[in-house]
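Chains, contacts and geometry: an overview
Listed below, chain by chain, are the residues.
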Amino acid sequence: MQSYVIHFVRHGMTDANINGKFAGSGDLPLCSEGVEKLKKLAQDFEYPRTMEYYSSPMKRCTETCKILYSDVEPEIVDGFRECVFSGTEDLRDDPKRKAKVETWDEIQKRVTTTFDAVVESMMRRGVTSATIFTHGGVIMTLLYCYGLPKAEFLDWMVDNGCGYSVRITPSLWMRDKVFEVYDKIPRGADVSLSRQIRNLIDNINNDIGKEEKNE
């Protein structure tokens, strides 16, 4: 039976990431360190080629795609934009803007509905492989909801410029809405979490603790 492969690539590093924050709905570009790291990854390791490419509309994702695949113009999918998390968002691109925090239910509905539509379209058109350039929150949400083996939300955190490869078997997808997480990308790279990402996880856990204490 035909299976479908999708690669999730988290965008390169921004100034927000260096400071241990999510950029969230702030449309930050890659920082110079993020650009150099992506170029180094592309030079030393191979990112898989696929039939189609999709991207969040945010600069850090489209810039990541252009660095890793200079000849690719990804299809922009608004539903793959980053989630807006309370207390962790960097709005330095527009400090006067107030970001509306998404609830978990809103995040889950938006991200899974968007992904379901992409998968349905791929199956209908016979597209067997795709790469999605998106954000840490989006990747963690999708793998938490659909990924096998099962893991906690934060267990799916991945470093900037890295990601996961998943395999969708139509019968399993139609019956149980799950996919197999079978590899990390780029293959052969050290995809262990950087200090900045570990700091970000600590910040999220601290925010969760504060919210629970205030309830």
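Now for a look at the structure at hand.

Definitions and cut-offs
Residues numbered from 1 in each chain as written. Predicted model: local features only at pLDDT ≥ 70, side-chain atom pairs only at ≥ 80, totals over all residues. Heavy atoms only, no water. Helix = DSSP H or I, 4+ residues; strand = E, 2+ residues; numbered from the N terminus. Contact = heavy atoms within 4.5 Å. Areas by Shrake-Rupley, 256 points an atom, 1.4 Å probe, with all protein chains shown as cover. Expected span 1.5 Å × (residues − 1). Buried < 20%, exposed > 50% of the residue type's maximum accessible area, 1.4 Å probe, protein only. Pairing = 2+ DSSP bridges. Axes fitted to C-alpha atoms, helices over the stretch in contact; angles between N-to-C directions. Left-handed = near helix turned anticlockwise from the far one by under 90°. Nonpolar A, V, L, I, M, F, W, Y, C, P; charged D, E, K, R; others polar. Core = buried A, V, L, I, M, F, W, Y, C linked by side-chain atoms within 4.5 Å. Phe/Tyr/Trp six-rings, centres within 6.5 Å; stacked < 30°, edge-to-face > 60°. Lys NZ or Arg CZ within 6 Å of the ring centre and 35° of its normal.

Focus on the overall build of the protein chain
- If you tally the helices and strands in the protein chain, you get seven helices and seven strands.
- Ordering the α and β elements of the protein chain from the N terminus gives β-α-α-β-α-β-α-β-α-β-β-α-β-α.
- Residue pairs at least 24 apart in sequence account for 72% of intrachain contacts in the protein chain once pairs closer than 6 positions are excluded.
- Here the protein chain has roughly 10,400 Å² of accessible surface; of this, 50% comes from carbon and sulfur atoms.

Some words on helix α4 (residues 104-125)
- Counted at 1.5 Å a residue, the expected span for α4 with its 22 residues is 32 Å, and the 32 Å between its end C-alpha atoms agrees.
- Those residues of α4 lying buried are I107, R110, V111, T112, T114, F115, V118, V119, S121, M122 and M123.
- One or two steps after α4, the chain reaches G126, where phi turns positive at roughly 75°.

Details of the sheet that holds strand β7 (residues 179-185)
- If you trace the seven strands from one edge of the open sheet to the other, you get β3-β2-β4-β1-β6-β7-β5, paired in mixed fashion. Both edges of this open sheet fall to β3 (75-76) and β5 (147-148), since each of them pairs with a single strand only.
- In terms of strand pairing, strand β2 (residues 52-55) meets β3 through two bridges, oriented parallel. Of the residues in β3, the one forming a bridge with S55 is I76.

A look at the packing of helix α2 (residues 32-44) against helix α3 (residues 59-68)
- Packing of α2 against α3 leaves a shortest axis separation of 9 Å and a crossing angle of 35°. Helix-helix and strand crossings are classified by hand; for α2 and α3 the assignment is right-handed. Where α2 approaches α3, its residues V35, L38, K39 and A42 are matched on the opposing element by T64, I67 and L68.
- The residue inventory of the contact of α2 with α3, partitioned by class, reads five nonpolar, one polar and one charged.

Side note on the nonpolar core
- Grouped together as the largest cluster of nonpolar side chains are 35 residues, with contacts concentrated most on I6, F8, F115, L143, I168 and F179.
- Mapped onto this core, the elements with two or more residues apiece are β1 (4-10), α4, β4 (129-134), α5 (136-146), β6 (163-168) and β7.
- Residue contacts for L143: discarding those within four places in its chain leaves F8, W156, Y164, F179 and V181.
- Counting residues in hydrophobic clusters, the runner-up holds 14 residues, among them V9, L38, L68 and I185.

Brief notes about the packing of aromatic side chains
- Evaluated as defined, the whole model comprises 14 aromatic pairs.
- Taken together, a centroid distance of 6.4 Å and an interplanar angle of 40° make the contact between F8 and F179 tilted. Taken as a pair, F8 in strand β1 and F179 in strand β7 lie far apart in primary sequence, 171 residues in all.
- Residue class for F8 comes out buried when judged on its relative accessible area of 0%.
- Take F179: its relative accessible area is 0%, and that puts it in the buried class.
- Both rings, one in F115 and one in Y146, keep their centres 6.0 Å apart while their planes meet at 35°; by these two values the pair is tilted. Here Y146 lies in helix α5 and F115 lies in helix α4, a separation of 31 residues in the sequence. The exposure classification of F115 matches that of Y146, with both residues buried.
- By way of ring pairs, the aromatic residues F8, F115, Y146, W173 and F179 are connected into one cluster.
- Between the NZ or CZ atom of R167 and the centre of the ring of Y182, over which it lies, the distance is 4.1 Å.

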